[in-house]
Amino acid sequence: VPGVTSLKMPEPGKKPVSAFSKKPRSAEVAAGSPAVFEAETERSGVKVRWQRGGSDISPSDKYGLAAEGTKHTLTVRDVGPADQGSYAVIAGSSKVKFDLKVTEPVPSPAPAPAEAPGAPGEALASATEEKGGSPGSTSAAPDGSGAPEDPIGLFVTRPQDGEVTTGGSITFSARVAGASLLKPPTVKWFKGKWVDLSSKVGQHLQLHNSYDRTSKVYLFELHITDAQATFAGGYRCEVSTKDKFDSCNFNLTVHGEGSLASPHPRRGQGGGRRVSLEASLWDCGRRDSRLEAPAEEDVWEILRQASPSEYERIAFQHGITDLRGMLKRLKGMKRDEKKSTAFQKKLEPAYQVSKGHKIRLTVELADPDAEVKWLKNGQEIQMSGRYIFESVGAKRTLTISQCSLADDAAYQCVVGGEKCSTELFVKEPPVLITRPLEDQQVMVGQRVEFECEVSEEGAQVKWLKDGVELTREETFKYRFKKDGQRHHLIINEATLEDAGHYALRTSGGQALAELIVQEKKLEVYQSIADLTVGAKDQAVFKCEVSDENVRGVWLKNGKELVPDSRIKVSHIGRVHKLTIDDVTPADEADYSFVPEGFACNLSAKLHFMEVKIDFVPRQEPPKIHLDCPGRKPDTIVVVAGNKLRLDVPISGDPAPTVIWQKTITQKNKVPAGPAPEAPGDGGDSDEWVFDRKLLCETEGRVRVETTKDRSIFTVEGAEKEDEGVYIVTVKNPVGEDQVNLTVKVIDVPDAPAAPKISNVGEDSCTVQWEPPAYDGGQPVLGYILERKKKKSYRWMRLNFDLLRELSHEARRMIEGVVYEMRVYAVNAIGMSRPSPASQPFMPIGPPSEPTHLAVEDVTDTTVSLKWRPPERVGAGGLDGYSVEYCREGCECPGPALGSEWVADLPTGAQMLFRVRAHNMAGPGAPVTTKEPVTVQEILQRPRLQLPRHLRQTIQRKVGEPVNLLIPFQGKPRPQVTWTKEGQPLAGEEVSIRNSPTDTILFIRAARRAHSGTYQVMLRIENMEDKATLVLQIVDKPSPPQDIRVIEAWGFNVALEWKAPQDDGNTEIWGYTVQKADKKTMEWFTVLEHYRRTHCVVSELIIGNGYYFRVFSHNMVGPSDKAATTKEPVFIPKPGITYEPPNYKALDFSEAPSFTRPLVNRSVIAGYNATLCCAVRGSPKPKISWFKNGLDLRADARFRMFSKQGVLTLEIRKPCPFDGGIYVCRATNLQGEAQCECRLEVRVPQ
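Residues numbered from 1 in each chain as written. Predicted model: local features only at pLDDT ≥ 70, side-chain atom pairs only at ≥ 80, totals over all residues. Heavy atoms only, no water.

1. Description of the overall build of the protein
Convention followed: Strands here mean DSSP runs of E at least two residues long; helices mean DSSP runs of H or I at least four residues long; both are numbered from the N terminus. Residue burial is assigned from relative accessible area. The probe radius is 1.4 Å, only protein chains are included, and a residue is buried under 20% of its type maximum, exposed over 50%, and partly exposed in between. In what follows, a contact means two residues having at least one pair of non-hydrogen atoms within 4.5 Å. The Shrake-Rupley method, run with a 1.4 Å probe sphere, supplies the accessible areas, and residue values consider only the shown protein chains as cover.
Secondary structure assignment for the protein yields four helices and 97 strands. The burial tally for the protein puts 40% of its 1245 residues in the buried class. In the protein, once contacts between residues fewer than 6 apart in sequence are set aside, the share between residues at least 24 apart is 63%. Surface summary for the protein: the accessible area is close to 70400 Å², and the carbon and sulfur share equals 50%.

2. Brief notes about the side chain of Asp407
Filter applied, for reference: Here a polar contact means two N or O atoms within 3.5 Å. Within protein one must be a hydrogen donor candidate and the other an acceptor candidate, and residues neighboring in sequence count only if both atoms are side-chain atoms.
Mapped onto the secondary structure, Asp407 falls in the loop between strand 28 (395–400) and strand 29 (410–415). On the basis of relative accessible area, Asp407 is assigned to the buried category, the value being 1%. In terms of polar contacts, Asp407 uses its side chain to reach the side chain of Tyr387, at 3.1 Å. When residues no more than four places from it in sequence are discounted, the contact partners of Asp407 are Lys376, Arg386, Tyr387, Ile400, Gln402, Leu424 and Val426.

3. With respect to the pairing of strand 14 (residues 170–177)
Put simply, the rule is: In short, DSSP must find at least two bridges between two strands for them to pair.
The two faces of strand 14 differ: Ile170, Phe172, Ala174 and Val176 on one face are buried, but Thr171, Ser173, Arg175 and Ala177 on the other face are not. Inspection of the sheet shows strand 12 (residues 155–157) paired to strand 14 by two bridges, in the antiparallel sense. Its bridge partner being in strand 14, Phe155 is matched across the sheet by Val176. Strand direction decides the pairing type here: strand 14 and strand 18 (residues 217–224), joined by eight bridges, are antiparallel. Bridging from a neighbouring strand, Ala177 pairs with Val217 of strand 18.

4. Re the sheet that holds strand 92 (residues 1182–1187)
An order of 90-97-96-92-93 is seen for the five strands of this open sheet, with the pairing classed as mixed. Each edge of the open sheet is held by one strand with a lone partner, namely strand 90 (1161–1164) and strand 93 (1190–1191). Here strand 92 pairs with strand 96 (residues 1220–1228) via six bridges, running antiparallel. Paired with Lys1182 across the two strands is Thr1227, which belongs to strand 96.

5. Some thoughts on the sheet that holds strand 80 (residues 1023–1034)
For sheets, the rule is that strands pair by backbone hydrogen bonds, running either parallel or antiparallel. The five strands are arranged 73-80-79-75-76 in an open sheet whose pairing can be described as mixed. Each edge of the open sheet is held by one strand with a lone partner, namely strand 73 (954–957) and strand 76 (983–984).

6. Quick notes on the nonpolar core
The criterion, for reference: Grouping buried Ala, Val, Leu, Ile, Met, Phe, Trp, Tyr and Cys residues that are joined through side-chain atoms within 4.5 Å yields what is termed a nonpolar core.
Core analysis: the biggest nonpolar cluster contains 25 residues, and Phe172, Val176, Trp189, Leu222, Ile224, Tyr235 and Leu252 have the highest contact counts within it. Contributing elements (two or more residues each) for this core: strand 14, strand 18, strand 19 (233–240) and strand 20 (245–255).

7. A short note on the environment of Pro984
Within the element layout of this structure, Pro984 appears in strand 76. By relative accessible area, which is 61% here, Pro984 ends up exposed. In the structure, Pro984 is positioned 31 residues away from Gln1015 in sequence and 9.7 Å away in space, judged by C-alpha atoms. Excluding anything up to four places from it in sequence, Pro984 contacts Trp978 and Thr979.

8. A look at the packing of aromatic side chains
Selection rule: By convention, a stacked pair of Phe, Tyr or Trp rings (six-membered ring in the case of Trp) has centres within 6.5 Å and planes under 30 degrees apart, an edge-to-face pair has planes over 60 apart, and any other such pair is tilted.
Using the criterion set out here, one finds 22 aromatic pairs in the structure. Relative to Phe250, the ring of Tyr235 lies with its centre 5.8 Å away and its plane at 15°, an arrangement referred to as stacked. Of this pair, Tyr235 sits in strand 19 while Phe250 sits in strand 20, and the two are 15 residues apart along the sequence. Note on accessibility: Tyr235 and Phe250 belong to one class, buried.

9. Thoughts on the pairing of strand 95 (residues 1206–1211)
Regular strands place their side chains on alternate faces of the sheet. By the criterion of burial, strand 95 is predominantly enclosed, with five of the six residues buried. In this sheet, strand 95 lies alongside strand 91 (residues 1169–1178) in antiparallel orientation, the contact comprising six bridges. Residue pairing for strand 95: Cys1172 is matched across the bridge by Thr1208. Note that strand 94 (residues 1198–1203) and strand 95 share six bridges and pair antiparallel. Looking across to strand 95, one finds that Lys1203 is bridged to Val1206.

10. Structural notes on the side chain of Asn1228
Its location among the elements puts Asn1228 in strand 96. Taking relative accessible area as the criterion, Asn1228 reaches 12% and is therefore assigned buried. Among the polar contacts made by the side chain of Asn1228, one reaches the main-chain carbonyl oxygen of Glu1150 at a distance of 2.9 Å. A polar contact is formed between the side chain of Asn1228 and the backbone oxygen of Ser1178, at a distance of 3.5 Å.

11. Remarks on the pattern of salt bridges
To keep it simple, the criterion reads: We define a salt bridge as a side-chain nitrogen of Lys or Arg found within 4 Å of a carboxyl oxygen belonging to Asp or Glu.
Applying the stated criterion across every chain yields a total of 51 salt bridges. For Glu544, the salt bridge is made with Arg574, and the minimal N-O distance between the two is 3.3 Å. Here Glu544 is found in strand 42 (residues 539–545), whereas its partner Arg574 is found in the loop between strand 45 (567–572) and strand 46 (575–580), with 30 residues between them in sequence. What makes Arg574 partly exposed here is its relative accessible area of 33%. A salt bridge links Glu884 to Arg916; the shortest N-O distance between them is 3.6 Å. Within this pair, whereas Glu884 is found in strand 66 (residues 880–887), its partner Arg916 is found in strand 68 (residues 910–919), the two being separated by 32 residues in sequence.

12. Comments concerning the confidence of the model for the protein
Quick note on the threshold: pLDDT is a per-residue confidence score from the predictor, ranging from 0 to 100.
Mean pLDDT for the protein: 81, with 84% of residues reaching 70 or above. Counting contacts from residues 258–296, a segment whose pLDDT is below 50, to residues more than four positions away or on other chains yields 66 contacts.

13. Thoughts on the environment of Ala366
With respect to the helices, strands and loops of the structure, Ala366 is situated in the loop between strand 24 (359–365) and strand 25 (373–376). Measuring from C-alpha to C-alpha, the distance between Ala366 and Ala394 comes to 6.9 Å, with 28 residues separating the pair along the chain.

14. With respect to unusual backbone geometry
Outside of glycine, negative phi angles account for most residues, and trans bonds account for most peptide bonds. Cis geometry is found at the peptide bond from Asp653 to Pro654, where omega equals 5°. In this structure, the amide linkage connecting Ser1178 to the following residue, Pro1179, adopts the cis form with an omega of -5°. Tracing the sequence through the fold places Pro1179 in the loop between strand 91 and strand 92. Phi at Lys536 takes a positive value of approximately 65°, unusual for a residue other than glycine. Mapped onto the fold, Lys536 is located in the loop between strand 41 (531–534) and strand 42. With a relative accessible area of 63%, Lys536 lands in the exposed category. The phi angle at Asn1065 is positive, at roughly 65°, despite the residue not being glycine.

15. Quick notes on the state of the cysteines
Each disulfide is one covalent bond, formed between the sulfur atoms of two cysteines. Keep this limit in mind: The rule for a disulfide is simple: a pair of cysteine sulfur atoms within 2.5 Å.
Within the structure shown, the criterion is met by zero disulfides. Distance from the sulfur of Cys248, which forms no disulfide, to the nearest cysteine sulfur (Cys237) is 6.9 Å.

16. A closer look at the environment of Glu1047
Relative to the helices and strands, Glu1047 resides in strand 81 (residues 1041–1049). Sequence separation between Glu1047 and Val1096 is 49 residues; the distance between their C-alpha atoms is 9.2 Å. In this structure, Glu1047 is in contact with Asn1052, Val1053 and Ala1054, ignoring residues within four places of it in sequence.

Structure (C-alpha cells):
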C-alpha cells in the first residue's frame, strides 16, 4: 500500500538477558589518584574482557585486572588526562560501556552544596549495555575521540551525542560496513519517535552520503546549521539491508546564552526564561551533564513499580515523548503473555500511514472458520465505505481507506476470548505556507495583527518570537486565532518589548516577519506662524501634526484659552485651527498649541498693527501707511497652501486709486536698475525685471479688495507661482505713493531621486541618495528612510531621528528576502513625497571559510589539497572555491585557481595555501594551511595491497565481466606492468586502467581463453613489487559419453556411462539421471547429484518400455544436452500364460414390448408438450413416431429422445392443428410393437 510503513517496535515485556548482575559505573577521579571499576557476573567462570577505545586491556604497570569468583575489578593507577575516555567490559554477548573523567586535584575539597549526605563527590552515571544485534545508543567519548568499531550490528561507527550553541552547526556521522553488502543500505534519520527528517531537509538540515571504495565503508551524515533551542532532543538513525536491520539513538543538546537548553524541556516552561549564570556555572562544575542520567535503567520496570502520580515526572526525567502509548502497552506487560491458541500471526505492535492513504491490518487465525471482531479504542467497527473486512482462508484483513487524524487510535482484533492489539499512527503531510507574514510598524499602544495562510485547514502551527515559542500561558498578552486556512496572532496593546522577529512554523516550513514598535512621537508637518493683523481683522493660527487622533489645548500667554463667540477652536483630521475674529489690541499675545500626551508645544506671536492716520488738510497726497522704515519692508513668508492676506492701510484726499502689480522675472542674474518712480529704492537687483502683471480681479483665488482707508490683497492657497515682488501703487490728483512687498512661498521639498544600494551584506546594506532638486525654500533638515519586502505593500520606517547625511547603513534584514528602499526629505515645513523605490536587492552574505583543509598529496611540481564545505553557506548557495598560494614569508598570494590540484610549483619551495568559498555575494573568509608545504615528492617504496578475495583462485562464468581492482602505494607514481603466463597482455578484449592509487584489469565478456595466471608488477626506479592472480573462466560441461544399458532384470535396469569430454574448466559436481515411459515420453528425475558413472534404476513397471538420459553438473549448472539411450528398454512380464475358459453363448434376444404405454393428454396451445413411454427389447429396437399415420421425423417442430429405454416426443408450442392420434412404433429383428394415444390442444379463453 503506498505510504504505509509497518513499524516493528521492540517488545517491552521481553527484556534482554544481561550477563552482568552488577555493572561498572562512570566516575570522575582527580588526577594522580587511582580509579577502580567493579563488575559482577551472573555466574562464575565467565570470561571477561576489559577494553578502552575498542582495544583489549592487558595487565601492566598502568592497569590492574583482578577476578575473584563472579567479581571482576579493573584498576587504573596514577590517573592522568591521557586516561580520560570511554571504557567497556564484555562478557559473552553483553557489553557495558562506562566513562572515566579526570579532574584537576583540589587542595581542600569541599562537598557540593546540593549533594546529599554520603553521596560521592563525583557525579556517577550508569553505564550503557549493548546486546548483540539489538538497537542501542552509544554515548560520545568525553575526550571527543571517535567511537570504536562495533563488532555487533551493521554500524562501523555509530552517531555520538553532541552539544552545540544556539546558532551554531553540528554534524552527526554514521559509518556502515559495505564489504558484504550487494546493494547500498537504506538509512533513515528520525527526531523523537516518528518524525522522519528526510521531509525536513532545507536551510537548517541537510543529509549527505558517500562511499569509500578503498575501505568499502558507507558514510552517512546529518548536518544541522543555525541550531535553535527547539532542535534539542533525542534522535535515531536506522540502517537496513535486505535481511538485516540496526538502529542507534543519540541526543543533541543546544546551549543558549548563559543557560543550558534541556533536550526535553518541561511542559509549560518557555524558552524565554533566563537561568542564573552563577547557578548554571555551579551546576556545570558539579557534574557532567552527559553522566547525569543512568543509561541502563529499565524505564518499563520503573513505570511498572511507580504509582500513577509519578508517571509524568518519570516521563520528563527519561525523555519519554509518547507516555500515552507506553502506558497502554504497560497494561499488557503486567500480565504474563501466553501462547495464543487463536492466532497464528498477530498484528504488528504499531503501523504508520500517511494522511489520505489506506492501510491494511492483517492477522492469521488458527481456525479458518472462526469469526472475528475489529475494535477501535474499545468500540466495535461496523463495515462502511472506509472500513472494509476481508476473509481469505485463515487470513482476516481490516482495510482503512482515506486515513485521517481521527483514525490515529488503538485497534484490536478479537477472536472468541482472545485478542491482539496494535496502534495506528497517522502521519500528516507537510503543511506549506501559501501566503507569508507581512512586516509591521506600529506605535506604542496600538493593536498588532499578524496574518498567515497555510495549505490545509485546521493545521497545527507554532508561533515564535525571536526563536522562542509563544505558549498558551501567555494568552493575557497574545491571542491566537484560526479561521480556516488563515492563522492570526494578535497583540492588543504593543509595547517596546514586543519588537522583534515573529515566525509561524508548520511541518513544511516557516514564515518570518519583523515587528517594529516606535515610541509615541508626534511629527509636526506644519507649525503655527507669527501673524500681524490690524484692528477688526481676522487672525488664524493653523498647525498640522502626524496623528489625526491627537487632541490639544490652545494657550494665551501660558493660560488656557476658552473659546467664545469671537474665538473659535477647530480640529479637522490632522489640522488644528485657532480663529480670532475682530482682533483688538488686547489679543496681542503669545499663543501656543500643546498636544495632549506629548511633551512639546507650538508657539507663535500675534502682532497688532495700529493704523496711524495723521490729520491732514484736504487735498492730501496719497500715502501708504506701513511700518517699514527705509521703504524696504521685510519679506513676507507664507506656507504653501495657506491663505495670504496683505492688508495695506492707505490715506489720501481725494480717495486714491490703488494698483497692484507683480513682477515677472527671468532667471539670468544680471545687474538690474532701480525700479521706476520708486524713490529711495535704487540699487542692484539679483534678477532683471522682465515684465509686470496687473492684478485687478476682485473674485477668485487671487483677488484685490479696496476700501476708502485700506487695500486688501488675498491669495487663497498660496502656491510656488505666487512668490515674487508685489508693487502697490496709490494715486490721486495730488500725487502718488509706491511700496514693494516681497512674498516668499515655502513648501515641503521635492521628492528625492531613487536611492542607490551598495555594500549588500548578510543582513545589511548601504543606502545612498541625492538631495532633492528643490528644497521648498527652506533648508533640508534631514531624511527619513523606509523599506519593504518586494512582494509586500507595507513600508516600514527605519529611523526615528532625521538622518543628516546622504547615506545610511540599514541593518536587521532577513537573508534571502528581496527588499526595496525609498527616502523622504524633511524641512521645517514638513515631509516630501516619497522617492521612487530603489532597485530590488537581496541581502546575501558570503559563505564562511571552508573546513578541514588538509594536504592530500605532494609531488615535485604539484600539491593536492582537500577540504570540506563551509559550515555556513547562506541563502546565496555555493558557487565554487578559489585556491591561492604564496611562498612562506611573502604576503602577496599567487593566482587564484578553481580546482583542488595546484600544478607547476617550484620544486623544494616552502608554500602556504589558502582556500575561499564563493557565492553571488562574493568570496568568504579564507582558511590557510597551518604549516608551510614543501613542494618535494617523498620517495615511497612500491607496495601492492592485494585484497583478500583476490589471493585465491578467481572464478568467473563465461560471458560475465571481470573487474579486478588492486590498490597500491608508491611515490613517485609507479609504473604498472601486467603479464599473463609471462607474456605481455595483447588484444582488445583485456583492458588495463591505471590511476595514481590503483590499477584495474577489465574484461567486458569473459571467455575460456582468458583463464590463466596473471602477474602485476610495480616499479619505481630499481624497486619493484609483484603479485600473482589466478583467473579461472568456467562454463557448463558437455554431456556424458557412451551411455548404455548393461543389464535389465525384474523391475531394475543397470546403466553405465563415461565422464564428459569437457568438464567446463572446473570440477564435475555430479550427474542427474532421468527416465521416460515410451508411451508418454514425460521425463522424471531418478537420481540427483550422483557422483559415480554407473547406477541401477529400480521400481520400474512391468510391461512398459523406458528411455534413460544423464546430465552432467558443475558449479555453473547442468549441461545443455543429455546423453540418452537410443533404444527403449522393456520390462518383461513373468512366463505364466493365461488361458481363458470357454463358456456356452446364451441368446438374450427379445422382441420389443412397451413396459409403459402412451397416455392420452390435453395441453394448452402455445406451451411445449411432451409424450413419454418406455420400451424394452434386444437388440435395441428402432423407434418411429407417427401422427395420424404420418411419419414425424422430417418435421422440425417435433424432437425425439431415447435414453435407457425411455422414449420422449417433444412438441414445440402446439396449436389446435397438432391434435390427433400419436403412435410410437418399436422394431428389431425379433419383431415389432407399438402404442398410441390421443392429444387434445386447447385454446385458452
